[in-house]
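# Commentary on secondary and tertiary structure
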Amino acid sequence: MQSVNRSDKPLTTYRLSLRLIRYKFGWYFFDALFWAIMWVSPLAGGLVIRQIFDLLTTGAQAGIGLWGLLALLAGLAVGRIAGLTGGIYTNATFLLNISGLIRTNLLRHILGRPGSDALPGSPGEAISRFRGDVNELEMATEWFIDMPGMVITTVFSLAVMSAINPRVTMVITAPMLVIVLVISILRTRILAYRESARTAAGRVTGFIAETFGAVQAIKVSTSEEDVIRRFEALNEQRRKASLKDSLLTEMMVTIFRSTINIGVGIILLMAGDSIRGGDFSVGDFALFIAYMWPLTDAMFAYGNLIARHNQARVSLDRLKRLLMGAPDHSLVAPNPNHMDGTLPEVPHAAKSPADRLQTLSARELTYRYPHSERGIEGVDLEIEKGTITVITGRIGSGKTTLLRSLLGLLPAQGEVRWNGVVVEDPGQFLVPPRAAYTAQVPRLFSESLRDNVLMGQVRTNQEVFRALETAVFDRDLDDLEGGLDTVVGPRGVRLSGGQVQRSAAARMFVTGAELLIFDDLSSALDVETERTLWQRIFAKEGAESGSSNGSRPVSGDGGLPTCLVVSHRKSVLQRADNILVLKDGRVTAQGRLDDLLHSSAEMRRLWEGDFRGE
């Protein structure tokens, strides 16, 4: 019989918890040990209390006497405090490690996917899953920490109570077992309520994220009241769904807690005659009462573990959808998880001879957006070292799609070759030091200008200043209150649109990449700044820029960089060694500007300033 590989089995919440326990077994072991002390100490205390009451009511002498028994109770209390202290520390460390692992693996997977296909929904919805759904899996795993103490408590307390009076023991435990069974039966309802609550919460988070990203559009259209009403409606849906989920959970908690009172009543009713008959002492009665709490807590924990894992199944399914087809077990794949604040350095690969660009070619690049006919089809591209290739076309012709397909940011078909060698994974290969890319709408982080330029790289201030000078940002530095240390705000909100684009350009220049790829970099620049920028990029020996300090970007061998540019600006088209004219996702003409103006009606239309899509 062929054995089944464990990794081939579907990842359930129980398997996920066991994988997380193995990931940090040392922390789990000590965490479970400390909480086992918390579970077991009341059992030992119950035995001591039994001896105390028997001593007081019957005069039965214990070996250590009354004061010794009281000292033992005090020692158990001290041990319980020590267990609680250790348990809190190890519990927090273990849970932060396992939730950090899940989030790290999710983020690694998302960042490794093509940009257009990284998320199945909105970023706001993804944030909701990163936060709430990971917390659900963390809490489901947390109940396994109590498992050793729960098992010891259940076995030991039932054994001791049964040895004293099996009939009473059976009667008081029966309601607890029934409640555990009821929770198992309610599994479908628990799942439905939790799915509804998590989905409603995700909608609210997603709507908030989308609202923040569209503030300007909302203000321009004076739609504030409509947005508020929509937000109130989503919150109302979330309130109702969360209320049902919380009500069911709290109802189960209340029922479990009520069994303690029921059990005490049963003990009082059934033990009275036994106490009068002398076969059930006051100490036995005190022990039964003392054991009701830990035994009920253990039964409650079993039921809660079942309920939590039923609820966590919803969260696991939501996180699996973020994996978008990747193996389920990649969610808990062991990976380094840096929790002490000491982060690894950003790897900086030295440029090897194979990284020097001679030619970059693409053949039959094709990509169509899902449920749409838009995209590119059958595009051939040839870029020679030290040349400037410009992609131009009307709005919607596929210029940005072509760049993103070439870079592996879209899952395009076709073949890409670097120096004649096939590139198997352009998304991983066409990165610094081979290629660097600036998007049409660059993203900055709410960090310092220096950090936004370096993105974790280690460079000297001189190198950073040189990159900023090439990007024509040197003249702006004096106006920033903190210079390189100025925090630019979320998405660079403290900078102008042109400064954001030039900051992103400096980020590209500082890498020293062989191939520089610009997606309409100058769209937010004034004419003079644009002219200076391209002069510095294309200058030879500093002649055109009037600078001899080497501020222009250079390739690794000191020569001019190779540029691939999306632009319709005349100054760029005039400098181009090769121009590709796109129309409806296909290359309709290519060559130098003078030739295209004679041979291509589309190029003449673009040269005259008509960029409207059909």
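## Here's the deal with the overall build of the protein chain
Scanning the protein chain from N- to C-terminus turns up 20 helices and ten strands. Within the span of the protein chain, comprising 614 residues, buried residues form 46% of the whole. Within the structure as shown, the protein chain displays about 30200 Å² of accessible surface, and the carbon and sulfur contribution to it stands at 59%.

## Notes on the environment of threonine 154
The residue threonine 154 is located in helix H5 (residues 147-164) in this model. Separated by 137 residues in the primary sequence, threonine 154 and tyrosine 291 place their C-alpha atoms 9.7 Å from one another. What threonine 154 contacts, discounting residues up to four positions off in sequence, is Leu295, Ala298, Met299 and Tyr302. A distance of 2.8 Å separates a polar side-chain atom of threonine 154 from the backbone oxygen of methionine 150.

## Section: helix H17 (residues 527-538)
The end-to-end C-alpha separation of H17 is 16 Å, in line with the 16 Å expected for twelve residues at 1.5 Å each. For H17, the buried fraction is high: nine of the twelve residues fall into the buried class.

## Looking at H5
For H5, which comprises 18 residues, the first-to-last C-alpha distance of 26 Å matches the rise-based estimate of 26 Å (1.5 Å per residue) to within 8%. Taken residue by residue, H5 has Gly149, Met150, Thr153, Thr154, Ser157, Val160, Met161 and Ile164 as its buried positions. Taken around the axis of H5, the buried residues stretch over an arc of 155°, which confines them to a single face. For H5, exposure combined with an orientation more than 90 degrees from the buried face picks out Val155 and Ala163.

## Focus on the packing of aromatic side chains
Under the defined criterion, the tally for this structure stands at eleven aromatic pairs. Arranged with centres 6.1 Å apart and planes meeting at 40°, the rings of phenylalanine 25 and tyrosine 28 form a pair that is tilted. With phenylalanine 25 and tyrosine 28 both in helix H2 (residues 25-58) and three residues apart, the pair spans about one turn of that helix. Through pairs of rings, three or more aromatic residues link up here, namely Phe25, Tyr28, Phe29, Phe30 and Phe94.

## A look at the side chain of serine 41
Position of serine 41 among the secondary structure elements: in helix H2. According to the relative accessible area criterion, serine 41 is buried, its value standing at 11%. Excluding residues that lie within four positions of it along the chain, serine 41 makes contacts with Leu76 and Arg80.

## Digging into the environment of lysine 385
Positionally, lysine 385 belongs in the loop between strand S2 (375-384) and strand S3 (388-393). A C-alpha to C-alpha distance of 9.9 Å links lysine 385 and asparagine 419, two positions 34 residues apart in sequence.

## Observations regarding the nonpolar core
Generally speaking, nonpolar side chains in soluble globular proteins are found buried as a group. In this structure, Leu449, Leu468, Phe509, Phe518 and Ile579 are the most contacted members of the largest nonpolar core, which totals 45 residues. Sort the elements by how many residues they give to this core and helix H16 (residues 497-509) lands first, with five residues. If you look at the next biggest cluster of nonpolar residues, it comprises 29 residues, including Leu16, Phe94, Ile102 and Leu319.

## Some words on the packing of helix H1 (residues 13-23) against helix H10 (residues 282-323)
Look at H1 against H10: their axes get within 9 Å of each other, and the N-to-C directions meet at 95°. Here H10 runs roughly perpendicular to H1, going by the angle between their axes. Residues Thr13, Tyr14, Leu16 and Ser17 of H1 form the contact with H10, whose own contacting residues are Leu305, Ile306, His309, Ala312, Arg313 and Leu316. Grouping the amino acids of the contact of H1 with H10 by side-chain chemistry returns six nonpolar, three polar and one charged.

## A word on the sheet that holds S3
On the basis of which strands lie adjacent, the open sheet formed by six strands has the order S6-S7-S8-S3-S9-S10 and mixed pairing. On the outer flanks of this sheet lie strand S6 (435-438) and strand S10 (586-591), each paired with one strand and no other. Between one strand and the next, the sheet's axes are offset by a mean angle of 15°, whatever the strand orientation. Where strand S7 (residues 515-519) and strand S8 (residues 562-566) come together, five bridges link them in parallel fashion. Along S8, the bridge assignment pairs leucine 515 with threonine 562. Here H17 sits on the sheet and contacts S3, S7 and S8; the angle it forms with S8, its principal contact strand, is near 150°.

## Some details on unusual backbone geometry
Between proline 432 and proline 433 the backbone carries a cis peptide bond, its omega angle lying at 10°. Of note, proline 433 is situated in the loop between helix H12 (426-429) and S6. One non-glycine residue, asparagine 419, lies in positive phi territory at about 55°. Along the chain, asparagine 419 turns up in the loop between strand S4 (413-418) and strand S5 (421-422). One non-glycine residue with positive phi stands out, namely methionine 455, at about 50°. Relative to the assigned elements, methionine 455 resides in the loop between helix H13 (449-454) and helix H14 (461-470). Residue methionine 455 is classed as partly exposed on the basis of its relative accessible area of 39%.

## A few points about the sheet that holds S2
With antiparallel pairing, the four strands of this open sheet are ordered in space as S2-S1-S4-S5. Each edge of the open sheet carries a strand with a single partner, namely S2 and S5. Examined bridge by bridge, S4 and S5 share two bridges and lie antiparallel to one another. The partner of tryptophan 418 across the bridge, within S5, is valine 421.

## What to know about the pairing of S2
For a regular strand, side chains alternate in direction, first toward one face of the sheet and then toward the other. In terms of strand pairing, strand S1 (residues 359-368) meets S2 through seven bridges, oriented antiparallel. Residue pairing in the sheet places alanine 362 in a bridge with leucine 381 of S2. Hairpin connection, S1 to S2: the antiparallel pair is bridged by six residues, and histidine 371 has positive phi, about 60°.

## Points about the pattern of salt bridges
The full count for this structure, using the stated rule, is 21 salt bridges. The partner of glutamate 377 in a salt bridge is arginine 586, with the nearest N and O atoms 3.1 Å apart. You can see glutamate 377 sitting in strand S2 and its partner arginine 586 sitting in strand S10, a full 209 residues away along the chain. Assessed through its relative accessible area of 29%, glutamate 377 is described here as partly exposed. Taking relative accessible area as the criterion, arginine 586 reaches 42% and is therefore assigned partly exposed. The salt bridge partner of glutamate 528 is arginine 531, with a shortest N-O separation of 2.6 Å.

## Quick notes on the confidence of the model for the protein chain
In low-pLDDT segments, the atomic positions of the prediction should not be examined closely. For the protein chain, mean pLDDT is 82; residues scoring 70 or higher make up 87% of the total. The low-confidence segment residues 1-6, where pLDDT is below 50, has three contacts with residues more than four positions distant or belonging to other chains.

## A few points about a nonpolar patch on the surface
Taken together, the side chains of Phe25, Phe29, Phe30, Leu33 and Ile37 present a nonpolar region at the surface, about 470 Å² in accessible area. Within the secondary structure, leucine 33 sits in helix H2.

What counts, and where the lines are drawn
Residues numbered from 1 in each chain as written. Predicted model: local features only at pLDDT ≥ 70, side-chain atom pairs only at ≥ 80, totals over all residues. Heavy atoms only, no water. Helix = DSSP H or I, 4+ residues; strand = E, 2+ residues; numbered from the N terminus. Buried < 20%, exposed > 50% of the residue type's maximum accessible area, 1.4 Å probe, protein only. Areas by Shrake-Rupley, 256 points an atom, 1.4 Å probe, with all protein chains shown as cover. Contact = heavy atoms within 4.5 Å. Polar contact = N/O pair within 3.5 Å; in protein donor to acceptor, adjacent residues only side chain to side chain. Expected span 1.5 Å × (residues − 1). Arc of directions from axis to C-beta. Phe/Tyr/Trp six-rings, centres within 6.5 Å; stacked < 30°, edge-to-face > 60°. Core = buried A, V, L, I, M, F, W, Y, C linked by side-chain atoms within 4.5 Å. Axes fitted to C-alpha atoms, helices over the stretch in contact; angles between N-to-C directions. Parallel < 35°, antiparallel > 145°, perpendicular 65-115°, else oblique. Nonpolar A, V, L, I, M, F, W, Y, C, P; charged D, E, K, R; others polar. Pairing = 2+ DSSP bridges. Salt bridge = Lys/Arg side-chain N within 4 Å of Asp/Glu carboxyl O. pLDDT = per-residue confidence, 0-100. Patch = residues over 30% accessible without salt bridge, like charges linked within 9 Å, V, L, I, M, F, W, Y side chains within 5 Å.

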